[in-house]
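Below are the chains, spelled out letter by letter.
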Amino acid sequence: MLIGEVAKRSGVSARMLRHYESLGLVRPSGRTGSGYREYSAGDIRRIFHIESLRSLGLSLREIGRALDDPEFRPSALVGDLIRQTRDRIAAETELLTLLRRINAADPVGWEDVLQVVALLQALGAKSADTRQRAVLSSGDEVPVPVEALVEAALRETEPNVAGALRWALARSDGDALSLLAEGLDSPVAAVRERAVQALVEMPGDEAAAQLRDALANPDAVVRGYAALALGTCGVADAVPALIDLIVEGRNDTDAADALSVVASDTGTADQIATRLVDRLADDTTTAPARGRLTQALADIPGTAASRALVELSHDEDRAVALTAAYLLRLRDVRCESTEPNRGGPETPS
């Protein structure tokens, strides 16, 4: 078969076939009487092998080795190709992300583009000071895309930089809330914690709704942050998670303070006191946890909490009994100090 027909049937141009020949990849088995190249069935089969290997990303040199070296092991070359392809995909993905973020910043001219690139590079700098300066300057002229801020916030380990990132996110527009909510489902515990910390500082009803959803998160740390934030705003939905914090001894003082806010703001003091008493009576509740639950009753207003403290002042656990008795005396002092003057007639001023 002559070169023109081979080119037509194989889809490989005559010029490329001659290039293959110059590299020694395919040599026509014969020549016609007029000196034209003549390819055999074996030559054509080799051409198709070359094209198949090229489609895998092999170089012509690698193809020649693969076809001619009897000791060649395909698995090693395929493994290299897999690694190279992954690296190439990672590089292309990184470039695509950069381009998308530049586009999201809506640059007016090349100066804006360069500023965005510089800011994005600074967010990934090794120096914490450089990262913090980049965050604090992010809204001055060309804003850093929200996606980049969220990504930086979810990976930041330096407390000062993390605080600056949360501040910037709280002032940002866009999809910060939805991106942070995705961070709550990360397989990495530290990322989930950073996501909920950022959500806590986000303003608005939508952020509060995300925190309500976070109360059902499987991660106890996430639930705790959400409960503290909602509890200090008087949200009753946070009560179960706040009591869990007290039992577990994690931020128990803050949790007790949040419970008192909820009890005062929502008129659910008696229900909260009942929940605390139920946990006190639970056989699985440890002695230290019972002490913390008793202390949490101190700032819960209402008769249910008072009755519970009276009963607990006779508890078998001496530490609980002493704590309850002390808290009862404090409640009595507070009540006396708030009672109106019941003595004789008021002294005229």
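Residues numbered from 1 in each chain as written. Predicted model: local features only at pLDDT ≥ 70, side-chain atom pairs only at ≥ 80, totals over all residues. Heavy atoms only, no water.

Caption draft 1: Main features of the overall build of the chain. Regarding its fold elements, the chain presents 19 helices and 2 strands. Whereas a compact globule of 349 residues would reach a radius of gyration of roughly 20 Å, the chain reaches 36 Å, over 25% beyond that. Each principal axis of the C-alpha atoms in the chain carries an extent, and together these give about 135 × 55 × 30 Å. Considering the chain as a whole, with its 349 residues, one finds that 39% of them fall into the buried category. Counted over contacts in the chain with a minimum sequence separation of 6, partners at least 24 positions apart contribute 52%. Carbon and sulfur atoms make up 51% of the accessible area of the chain, which amounts to about 20500 Å² in all. Averaging the coordinates of the 39 positive side-chain charges in the chain and doing the same for the 53 negative ones gives two points 12 Å apart. (Helix = DSSP H or I, 4+ residues; strand = E, 2+ residues; numbered from the N terminus. Rg over C-alpha atoms; globule rule 2.2 N^0.38 Å. Buried < 20%, exposed > 50% of the residue type's maximum accessible area, 1.4 Å probe, protein only. Contact = heavy atoms within 4.5 Å. Areas by Shrake-Rupley, 256 points an atom, 1.4 Å probe, with all protein chains shown as cover. Lys, Arg positive; Asp, Glu negative; His and termini not counted. Charge placed at Lys NZ, Arg CZ, Asp CG, Glu CD.)

Caption draft 2: Inspection of the pattern of salt bridges at higher detail. Applying the stated criterion across every chain, the model contains 12 salt bridges. Glu156 serves as the salt-bridge partner of Arg131, at 2.8 Å between the closest nitrogen and oxygen. A residue pair is termed long-range when its members are at least 10 positions apart, and Arg131 in helix H7 (residues 128–136) and Glu156 in the loop between helix H8 (146–155) and helix H9 (159–170) qualify at 25 residues. Residue classification places Arg131 among the buried residues on the basis of a relative accessible area of 12%. Judged by its relative accessible area of 8%, Glu156 falls in the buried class. Notably, a salt bridge pairs Asp237 with Arg212, separated by 3.4 Å at the nearest N-O pair. Taken together, the residues span a long stretch of sequence, with Asp237 in the loop between helix H13 (220–231) and helix H14 (239–248) and Arg212 in helix H12 (residues 205–214) at a distance of 25 residues. A relative accessible area of 47% means that Asp237 is categorised as partly exposed. You can call Arg212 partly exposed: its relative accessible area is 38%. Sharing partners across several salt bridges, the network here consists of Glu21, Arg31 and Arg37. (Salt bridge = Lys/Arg side-chain N within 4 Å of Asp/Glu carboxyl O.)

Caption draft 3: Structural view of the nonpolar core. Grouped together as the largest cluster of nonpolar side chains are 79 residues, with contacts concentrated most on Leu169, Leu242, Leu259, Leu276, Leu297 and Ile300. When residues no more than four places from it in sequence are discounted, the contact partners of Leu276 are Ile243, Leu259, Leu293, Ala296, Leu297 and Ile300. Leu17, Ile47, Ile50 and Ile63 belong to the second-largest nonpolar core, a separate cluster that totals 18 residues. (Core = buried A, V, L, I, M, F, W, Y, C linked by side-chain atoms within 4.5 Å.)

Caption draft 4: Expanded view of the packing of H14 against helix H17 (residues 287–296). Running from N to C, H14 and H17 point in directions that differ by 130 degrees, and their axes come no closer than 7 Å. With respect to their mutual orientation, H14 and H17 come out oblique. Between H14, through Ile243, Ile246, Val247 and Glu248, and H17, the contact on the second element is made entirely by Ala289, Arg292, Leu293 and Ala296. Here the residues of the contact of H14 with H17 are counted per class, giving 6 nonpolar, no polar and 2 charged. (Axes fitted to C-alpha atoms, helices over the stretch in contact; angles between N-to-C directions. Parallel < 35°, antiparallel > 145°, perpendicular 65-115°, else oblique. Nonpolar A, V, L, I, M, F, W, Y, C, P; charged D, E, K, R; others polar.)

Caption draft 5: Local environment of the confidence of the model for the chain. The pLDDT averaged across the chain works out to 86; a share of 93% of its residues lies at or above 70. For the chain, helix H5 (residues 74–104) is the element with the lowest average pLDDT, namely 79, and H13 is the one with the highest, namely 97. Counting contacts from residues 342–349, a segment whose pLDDT is below 50, to residues more than four positions away or on other chains yields 0 contacts. (pLDDT = per-residue confidence, 0-100.)

Caption draft 6: Summary view of helix H3 (residues 41–55). Look at H3: 21 Å from first C-alpha to last across 15 residues, which is about the 21 Å you get at 1.5 Å a residue. Here H3 has its buried residues at Asp43, Ile44, Ile47 and Ile50. Summarising the axial view, the buried residues of H3 lie within an arc of 110 degrees, below the 170-degree limit, and thus occupy one face. Set apart from the buried face of H3 by more than 90 degrees, the exposed residues are Ala41, Arg45 and Ser55. Those residues of H3 that are buried are in contact with helix H1 (3–10), helix H2 (14–23), strand E2 (37–38) and helix H4 (60–68). Gly57 sits one or two positions beyond H3 and adopts a positive phi of about 100 degrees. (Expected span 1.5 Å × (residues − 1). Arc of directions from axis to C-beta.)

Caption draft 7: How the structure looks around unusual backbone geometry. Even without a glycine there, the phi angle at Asn251 is positive, about 50 degrees. Asn251 sits in the partly exposed class, given a relative accessible area of 43%.

Caption draft 8: Seen up close, the side chain of Arg131. Within the structure, Arg131 has its side chain in polar contact with the backbone oxygen of Ala125 (distance 2.9 Å). Excluding residues that lie within four positions of it along the chain, Arg131 makes contacts with Ala122, Leu123, Ala125, Lys126, Glu156, Glu158 and Val161. (Polar contact = N/O pair within 3.5 Å; in protein donor to acceptor, adjacent residues only side chain to side chain.)

Caption draft 9: Fine view of the environment of Pro203. Looking at where Pro203 falls in the secondary structure, it is placed in the loop between helix H11 (189–200) and H12. Sequence separation between Pro203 and Leu120 is 83 residues, and the spatial gap between their C-alpha atoms is 25 Å.

Caption draft 10: Main features of the packing of H2 against H3. Contact geometry for H2 and H3: axes closest at 12 Å, N-to-C directions at 95 degrees. The angle between H2 and H3 falls in the class roughly perpendicular. Taking contact as the criterion, the partners of Met16, Leu17 and Tyr20 in H2 are, on H3, Ile47, Ile50, Glu51 and Arg54. A class-by-class count of the residues in the contact of H2 with H3 yields 5 nonpolar, no polar and 2 charged.

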